[in-house]
Amino acid sequence: MANLDVEDFIQQNRAVADQVETYRGYWESEKHWLVRRDFILRNMNEYEDEQLDQLLALSMVWANNVFLGCRYSTDLLEKVKEMAEGIEVEDAPVFKTRDEIMKAQQGR
């Protein structure tokens, strides 16, 4: 679902869009929320109502990895990256691991 597709979906499915808006955390910037909302909307059909908490948790895992550099198990990261395929995040931060930083320091 491209950005335009998401906006079309929201216009055509106002009740669903309004429900999804309730999942926004007060701490989320507009930039963070819009891509996490996209993640949720792209994957909603794969989760039943009783599995909604799982989808919301996966959306937070993905957002935390992208925006905060949080690390998770390889299997979990592969799953959320696959779920987020096609979502474009503008100006996403680039994170380095401790090992990458130490290696760069040793090379000086």
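About the criteria used
Residues numbered from 1 in each chain as written. Predicted model: local features only at pLDDT ≥ 70, side-chain atom pairs only at ≥ 80, totals over all residues. Heavy atoms only, no water. Helix = DSSP H or I, 4+ residues; strand = E, 2+ residues; numbered from the N terminus. Contact = heavy atoms within 4.5 Å. Areas by Shrake-Rupley, 256 points an atom, 1.4 Å probe, with all protein chains shown as cover. Lys, Arg positive; Asp, Glu negative; His and termini not counted. Charge placed at Lys NZ, Arg CZ, Asp CG, Glu CD. Core = buried A, V, L, I, M, F, W, Y, C linked by side-chain atoms within 4.5 Å. Buried < 20%, exposed > 50% of the residue type's maximum accessible area, 1.4 Å probe, protein only.

1. Quick word on the overall build of the protein chain
Stage number 1. When helices and strands are counted, the protein chain shows six helices and zero strands.
Stage number 2. Along the protein chain, from the amino end to the carboxyl end, the secondary structure elements read α-α-α-α-α-α.
Stage number 3. Overall, the C-alpha framework of the protein chain stretches about 55 × 25 × 25 Å when taken along its three principal axes.
Stage number 4. Contacts in the protein chain between residues far apart in sequence, at least 24 positions, make up 55% of those at least 6 positions apart.
Stage number 5. In the structure as shown, the protein chain presents an accessible area of about 7,800 Å², 47% of it carried by carbon and sulfur atoms.
Stage number 6. Taking the 13 positively charged and 22 negatively charged side chains of the protein chain as two groups, their mean positions are separated by 12 Å.

2. Points about the nonpolar core
Stage number 1. If you look at the biggest cluster of nonpolar residues, it comprises 24 residues, and the most contacted ones within it are F39, L55, W62 and V80.
Stage number 2. Here this core takes nine residues from helix α4 (residues 52-68), the largest share from any one element.
Stage number 3. Apart from residues lying up to four places away in sequence, W62 is in contact with V35, R36, F39, V80, A84, I87 and V89.

Shape descriptors only; they carry no functional weight alone.
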